[in-house]
Amino acid sequence: MIFDIEVNNRIIQAEKGETILSALHRAGIMVPTLCSMKELSPTGACRMCVVEVEGKPGLVPSCSYPVEEWMHIRTHSPRVIRARKLLVELLLSNHPDDCLYCERNGNCELQSMAEELQVRERRIPGARMHHKLDKSSPGIVREPSKCILCGRCVRVCEEQQAVSSIDFLHRGSQTIVGAAFNKDLNFSSCIQCGQCIMACPTAALTEKVQFPDLEQYLHDPSRKVVVQYSPVVANTIATEFGIKNGKQAQGIIEAALRKMGFVHVFDSSFGTDLQIVELAHELSARLKEERN
């Protein structure tokens, strides 16, 4: 069922059962958010997407509030802007002041939100969180002091990856995101897929950088450094830079790696193909068993 709603004195169409945020985005009206992601269940955790709905006493989170016929919505009223600015200031009140040295400097959603809302000073002092930096994982660095509790990593790990290696721990102002029993990440069921890093809007979860060690090996004449890369890497780079997939992208990657100092360069295309074939056979066998 499709009906009309009014947004900023403009009539747009909405579908019954969808959220206000979904209808707004489809109509090209951008509303900021830190916790919402496509194909993930809405939580309304960050409250950054609040809008003003006529007849409602308070602001409502557009990411989790369903549309109703002939709603009158204001997305950028002075009241809404003040609320969003206050929310950003509250998030920054106990956030570390190390943006210049941060791994996500220039690519941080919280930083971009503060810039957009003209947050230029710390008006709200807050007690700083002091959490241990978790470098136990072979591929992921977890820095809880930079976590804004948006829950995106938790939902990606649970709903998309079906791993559930991290979740919310403790309660109230002591809430953090971490592995079970607040253990280090290497003691959890983490499979090192990196999807939580991609979902994190800040630098609470980042990739463990090993380039300094690699650079040392590349400049060591007593070592022969060998690299093996997945065909997924070639496809991703080709898509990003507009290069034709296949041999052209692989040739450019191999040439670049050799210039860096790698003696031998291998790609695992054949091994990946074999894995896909074996998985297909296994799936086919399981489907036959279920049918029988």
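Refer to the structure above for everything that follows.
Just so we're clear, the structure is a prediction, and the values are computed from it rather than from any experiment.

Parameters and conventions
Residues numbered from 1 in each chain as written. Predicted model: local features only at pLDDT ≥ 70, side-chain atom pairs only at ≥ 80, totals over all residues. Heavy atoms only, no water. Pairing = 2+ DSSP bridges. Helix = DSSP H or I, 4+ residues; strand = E, 2+ residues; numbered from the N terminus. Core = buried A, V, L, I, M, F, W, Y, C linked by side-chain atoms within 4.5 Å. Buried < 20%, exposed > 50% of the residue type's maximum accessible area, 1.4 Å probe, protein only. Contact = heavy atoms within 4.5 Å.

**Describing the sheet that holds strand S5 (residues 72-74)**
What links the strands of a sheet is backbone hydrogen bonding, and the strands pair in either a parallel or an antiparallel sense. Sheet architecture is open: five strands sit in the order S2-S1-S5-S3-S4, paired in mixed fashion. The sheet is open, and its two borders are formed by strand S2 (10-15) and strand S4 (60-61), each paired with just one other strand. Where strand S1 (residues 2-7) meets S5, two bridges bridge the pair, whose relative direction is parallel. The residue bridging Val 7 from the neighbouring strand is Ile 73, located in S5.

**Focus: the nonpolar core**
Side chains that are nonpolar tend, in soluble globular proteins, to be buried together. Ranked by size, the top nonpolar core spans 33 residues in total, and within it Ile 5, Ile 20, Leu 24, Ile 73 and Val 88 carry the most contacts. Of all the secondary structure elements, the ones that give two or more residues to this core are S1, S2, helix H1 (20-26), strand S3 (50-53) and helix H3 (109-116). Of the residues forming this core, the biggest block, four residues, is contributed by H1. When residues no more than four places from it in sequence are discounted, the contact partners of Leu 24 are Val 7, Ile 12, Ile 29, Val 31, Val 51 and Thr 75. One finds Cys 153, Val 154, Ile 166 and Cys 196 within the second-largest nonpolar core, a separate group that totals twelve residues.

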